[in-house]
Amino acid sequence: MRKIVLIAFLISLIGSIGYVYALPVDSVKVVVIDEKDKPVSAAKVSIEGSRFFLTNKSGIFKFRPAKELEMPIKVVLDKAGFVIDEFIFYEEDKEIEIRVKKNEYFLKELVVKLLNDSGSVMASHILEYAGEEYHTDKKGIARIPKKRFVPEDFIVDGYNLDKINFAEKEQIYVLTLKPEVVEQPKTILADNTKDTMTIETIMTLTQEQLDSLIFDQYKEEFEKISAEIVEERRRLVESNTKIRDEIDHITNKLRNEKNLTDEQRQELQKYVGKLERSLIENSLAYNKAEEKTMSFIERLKFIIMQKDSINYIAIKKLQAAERQRIQAEKKAKRTIIISSIIAVALLLLAVVFYSIARKMRRQKRQLEISNEELGKIKDTLSEKLIESDKQKAMIEEQNQQLDMFVYKASHDIKGPLKSLLGLSKLGLTSVKDENSLELFTHIHKSITKLDKLVSDLLFLSKAKKVEINNSKINVGGLVQEVVNSYKNIEGYGNVNIDIDIPDTIDFTSDYNLFYSVVQNFVENAIKYADNSKGDKYLKISASSDDEKTEFRFEDNGMGIEPEHLPKIFDMFYKISENSAGSGLGLYIVKYNVERLGGIIKVESELNKGSVFVLEFKKTAELVLN
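Calculation criteria
Each chain has its residues counted from 1, running along the sequence as written. Totals for whole chains, interfaces and linings use all residues, but because this is a predicted model, local features are given only for residues with pLDDT of at least 70 and pairs of side-chain atoms are given and counted only at 80 or more. Hydrogens and water are ignored here; the side-chain numbers use all heavy atoms of the structure. The way it works is that DSSP assigns letters per residue, a run of H or I at least four long becomes a helix, a run of E at least two long becomes a strand, and they are numbered from the N terminus. For this analysis, residues touch if any pair of their heavy atoms sits within 4.5 Å. Surface exposure here means Shrake-Rupley accessible area, sampled with a 1.4 Å probe, where a residue is shielded only by the protein chains that are shown. Categorising residues by exposure relies on relative accessible area from a 1.4 Å probe, with only protein chains included: less than 20% of the type maximum marks a residue as buried, more than 50% marks it as exposed, and the intermediate range marks it as partly exposed. Each salt bridge in this description consists of a side-chain nitrogen of Lys or Arg and a carboxyl oxygen of Asp or Glu lying within 4 Å of one another. Think of each axis as a best-fit line through the C-alpha atoms, taken over the contacting stretch in the case of a helix, with angles from 0 to 180 degrees between the N-to-C directions. Angular relationships are summarised with four words: roughly parallel below 35 degrees, roughly antiparallel beyond 145, roughly perpendicular across 65 to 115, and oblique for the angles in between. In a left-handed crossing the near helix is turned counterclockwise from the far helix by less than a right angle, and in a right-handed crossing that turn is clockwise. Only strands joined by at least two bridges in the DSSP assignment are considered to pair. Each patch is built from residues that are more than 30% exposed by relative accessible area and take part in no salt bridge. Like charges join if they lie within 9 Å; nonpolar side chains (Val, Leu, Ile, Met, Phe, Trp, Tyr) join within 5 Å. Note on aromatic contacts: the rings of Phe and Tyr and the six-membered ring of Trp form a pair at centre separations within 6.5 Å, being stacked when their planes are under 30 degrees apart, edge-to-face when over 60 apart, and tilted otherwise. His residues and chain termini do not enter the charge count, which takes Lys and Arg as positive and Asp and Glu as negative. Lysine's charge is taken at NZ, arginine's at CZ, aspartate's at CG and glutamate's at CD. Residues grouped as a nonpolar core are buried Ala, Val, Leu, Ile, Met, Phe, Trp, Tyr and Cys residues, joined through side-chain atoms within 4.5 Å. One number per residue, pLDDT, summarises how confident the predictor is, and it ranges from 0 to 100.

Focus: the overall build of the protein
Okay, so step 1: When its secondary structure is counted, the protein shows nine helices and 21 strands.
Okay, so step 2: The contacts in the protein between residues at least 6 apart in sequence include a share of 64% that link residues at least 24 apart.
Okay, so step 3: In the structure as shown, the protein presents an accessible area of about 40600 Å², 54% of it carried by carbon and sulfur atoms.

Overview of helix H9 (residues 585–595)
Okay, so step 1: Taken together, the buried positions of H9 are Leu-586, Ile-588, Val-589, Tyr-591, Asn-592, Val-593 and Arg-595.
Okay, so step 2: Phi turns positive, to about 85°, at Gly-597, one or two residues after H9.

Quick look at the pattern of salt bridges
Okay, so step 1: Inspection of the entire model under this criterion finds 15 salt bridges.
Okay, so step 2: Between Glu-594 and Lys-590 there is a salt bridge, with its nearest N and O atoms 2.6 Å apart. Residue Glu-594 and its partner Lys-590 are both found in helix H9; the two are separated by four residues, about one turn of the helix.
Okay, so step 3: Ionic pairing is found between Lys-601 and Glu-615, a salt bridge with its closest N-O pair at 3.6 Å. Within this pair, whereas Lys-601 is found in strand E20 (residues 598–605), its partner Glu-615 is found in strand E21 (residues 609–617), the two being separated by 14 residues in sequence.
Okay, so step 4: Linked through salt bridges whose partners overlap, the residues forming this network are Asp-37, Glu-86, Glu-97 and Arg-99.

What about the packing of helix H7 (residues 475–484) against helix H8 (residues 511–527)?
Okay, so step 1: At their nearest, the axes of H7 and H8 sit 9 Å apart, and the two run at 50° to each other. With respect to H8, the element H7 is oriented oblique. Relative to H8, the crossing made by H7 is right-handed. For the pair formed by H7 and H8, the contact residues are Val-475, Leu-478, Val-479, Glu-481, Val-482 and Val-483 on the first element and Tyr-511, Phe-514, Tyr-515, Val-518, Gln-519 and Val-522 on the second.

Focus on the pairing of strand E4 (residues 60–63)
Okay, so step 1: Covered by surrounding structure in E4 are Phe-61 and Phe-63 only, the residues Ile-60 and Lys-62 on the alternate face being uncovered.
Okay, so step 2: Of the strand pairs in this sheet, strand E1 (residues 28–33) and E4 are connected by four bridges, and their pairing is antiparallel. When the sheet's bridge partners are listed, Val-30 is paired in E4 with Phe-61.

Some remarks on a nonpolar patch on the surface
Okay, so step 1: The grouping of Ile-338, Ile-342, Leu-346, Leu-349, Val-352, Phe-353, Ile-356 and Met-360 at the surface amounts to a nonpolar patch, some 800 Å² of accessible area in total.
Okay, so step 2: Within the secondary structure layout, Leu-346 lies in helix H5 (residues 312–430).
Okay, so step 3: With relative accessibility at 55%, the residue Leu-346 sits in the exposed group.

Structural notes on the packing of aromatic side chains
Geometrically, a pair of aromatic rings is defined through the distance of the ring centres and the angle of the planes.
Okay, so step 1: Across all of its chains, the model carries 12 aromatic pairs by this definition.
Okay, so step 2: Ring centres of Phe-514 and Phe-551 lie 5.1 Å apart, and the angle between their planes is 50°; on these two criteria the pair is classed as tilted. Note that Phe-514 is positioned in helix H8 and Phe-551 in strand E19 (residues 548–555), a separation of 37 residues in sequence. Pair check on accessibility: Phe-514 and Phe-551 agree, each one buried.
Okay, so step 3: Measuring from ring centre to ring centre gives 4.5 Å for Phe-521 and Phe-553, while their planes differ by 20°; the resulting arrangement is stacked. One end of the pair, Phe-521, is in helix H8; the other, Phe-553, is in strand E19, and 32 residues separate them in sequence.
Okay, so step 4: By relative accessible area, which is 2% here, Phe-553 ends up buried.
Okay, so step 5: Cluster of aromatic residues (ring-pair linked, three or more members): Phe-507, Phe-514, Phe-551 and Phe-616.

Focus: the side chain of Asn-520
Okay, so step 1: Its place among the elements puts Asn-520 in helix H8.
Okay, so step 2: Every residue in contact with Asn-520, bar those within four places of it in the chain, is listed here: Gly-585, Leu-586 and Val-589.

Topic: a positive patch on the surface
Okay, so step 1: A cluster of basic residues, Lys-330, Lys-331, Lys-333 and Arg-334, forms a positive patch on the protein surface.
Okay, so step 2: Structurally, the position occupied by Lys-330 is in helix H5.

What to know about the pairing of strand E7 (residues 95–102)
Okay, so step 1: In this structure, E1 lies alongside E7, joined through five bridges in parallel fashion. Within E7, the position partnered with Ile-33 by the bridge is Arg-99.

Some points on the nonpolar core
Okay, so step 1: With 39 residues, the main nonpolar core has Val-475, Phe-514, Phe-521, Val-522, Phe-551 and Leu-614 as its most contacted residues.
Okay, so step 2: Counting residues per element, the ones that place at least two in this core are H7, strand E16 (495–500), H8, strand E18 (536–544), E19, H9 and E21.
Okay, so step 3: In this structure Phe-514 touches Ile-473, Val-475, Leu-478, Phe-507, Phe-551, Leu-596 and Phe-616, once residues within four positions along its chain are discounted.

Remarks on unusual backbone geometry
Okay, so step 1: The backbone of Asp-37 sits at a positive phi, close to 60°, despite the residue not being glycine.
Okay, so step 2: Within the secondary structure, Asp-37 is located in the loop between E1 and strand E2 (44–47).
Okay, so step 3: At Ser-124, a position not held by glycine, the phi torsion is positive, near 55°.
Okay, so step 4: Here Ser-124 lies in the loop between strand E8 (109–115) and strand E9 (126–129).

Considering the sheet that holds strand E11 (residues 141–145)
Backbone-to-backbone hydrogen bonds pair the strands of a sheet. The strands run either parallel or antiparallel.
Okay, so step 1: Reading across the sheet, the four strands line up as E11-E8-E14-E13 and stay open at both edges, with mixed pairing between neighbours. Among the strands making up the open sheet, the edge pair consists of E11 and strand E13 (159–167). Taken pair by pair, the neighbouring strands of this sheet meet at an average axis angle of 30°, ignoring direction.
Okay, so step 2: The pairing of E13 with strand E14 (residues 172–179) spans eight bridges and is antiparallel.

Re the confidence of the model for the protein
Okay, so step 1: Scored by pLDDT, the protein comes out at a mean of 77, with 73% of its residues at no less than 70.
Okay, so step 2: This model gives residues 1–23 a pLDDT under 50, and the stretch forms 30 contacts once residues within four places in sequence are excluded.
Okay, so step 3: Of the regions scoring below 50 in pLDDT, residues 185–196 engages in 19 contacts with residues more than four places distant in sequence or in other chains.

Let's talk about the sheet that holds strand E12 (residues 154–155)
Okay, so step 1: Spatially, the three strands line up as an open sheet ordered E10-E9-E12, and their pairing is antiparallel. What marks the edges here is a single partner per strand, and that holds for strand E10 (132–135) and E12.
Okay, so step 2: Of the strand pairs in this sheet, E9 and E10 are connected by four bridges, and their pairing is antiparallel. Bridging from a neighbouring strand, Ile-126 pairs with His-135 of E10.

Concerning a negative patch on the surface
Okay, so step 1: On the surface, a cluster of negative charge is contributed by Glu-70, Glu-91, Glu-92 and Asp-93.
Okay, so step 2: By the secondary structure assignment, Glu-91 is in the loop between strand E6 (82–90) and E7.

Some words on the packing of H8 against H9
Okay, so step 1: Following both chains from N to C, one finds H8 and H9 inclined at 150°, their axes separated by 9 Å at the closest point. Here H8 lies roughly antiparallel to H9, going by the angle between them. For H8 against H9, the interelement crossing comes out left-handed. Contacts from Leu-513, Ser-516, Val-517, Asn-520, Phe-521 and Asn-524 of H8 reach H9 at Gly-585, Leu-586, Val-589, Asn-592 and Val-593.

Now the structure itself:
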């Protein structure tokens, strides 16, 4: 009975290990994200000793594990500058979420030194790491650029990795290797019996005695090794958890505490390096525990194979058959995988073609709808354009009628105003009564303002109708003529007018319009001079280059407050209600300057004066209206 129980247990154990790979296993989705939950692309990840898979732009890849995954699982990351922070396996969703963080202590160059089991340097040896070959020098050192230390990736032909040390001062990983030993099957029973048992002695035993001896010999060892493996795994998981927590604590301290000295930071960084090496050593120990488990299972295989026969040749044949079975399974798997890939590729290709065709049909329909809508919009715009042209023509006609009305009204008012102005002057000279004289004075001022307003309106109306007649202008002569025309005006002698216009100024424009512009600036400088200043002046200057001609009118008059500057060119705008002007002077100036193809700029400060700048580009087109 004990024989049957032991054999059934061993067969079920070997069956779960040797044939689990033949069972169908669902694919697992792996997601790699950083500390900010952003996907990490181009990261190489190995799950439970599988080959390395590369994440896509979304930080995802899918793979089909060799067997059903159970926690704790083994995850290896190969991504420069990153280490694993934590990972979670969602069994129901078949998804592994791996959270990584930046490794602030990642070595720029991996330096490895090889020693044999006697401590001697292994010079001129070939070291394979991450699929690439490197040669050790005379000191047994190999330099691997920009690689992260992963013990499982080191391969030295004929040797196994025994232990790892890290020399902090030289920043070198020292790997101790031992020769690879191929264990030969041992004869059961001979090692654990006090007396040497020969083949003849074993053959004299009954089947029941032989089964009892096998069961008693390996029962205690099996229970002991199983308990050791479980305890070692539990200890390694707890140790790794504590080490990761300590690394996170120190890393947060380095980031957040600003009062640490450089020496303290270096010590903490060295300590973190030691902790990370402890993680590596734990990983190596975990791998050794796995190797120990597999070795023990192999021994159990030999027990079952030797149960019915001690013949070594038969065992060899069974081993060869097992290898052939494994190779056949691998070949069958590769065939299935390749066939699946081809089928999936064809299916994807068909889906892509179908999607493209469907998208093209949808786009074609959208283009047809868009063309119909554009046609409707075009018709609507045409109608609106026709309506806009009609409204524009109507507005132009109304403007012309308005201009004609202003011109006729101003012209008709001008005659009576002249008569009133003459009568008011006569009253001022002939009336002797003081009250009547004061009354005539106010009447005269009001009529003068009204006459100025009517004159400006007539001038503006004529300016809009007049055609521009360009000719080359002697600017200096024109300015002097304007200044001379004001010699008999009150206040002329109180303002010093300085004219600085070179004879080389080349300026072509409409003489009359430009004359009116200069006339307005000269009149304003005399009219609004600051009588509180002893030295009142108006400076008129001009300059020219290949691109433009510029005129400056600078005075030290009363100036203009900042809040009035944006509005001084508006029609009928006056800075003060008591101003003697009509509010049209600067509006007419700006209108004429723009008709001549120029622009006008002003700078002014209250009680200090103003500067007006006229700028005419030599390629400017004249405004006809």
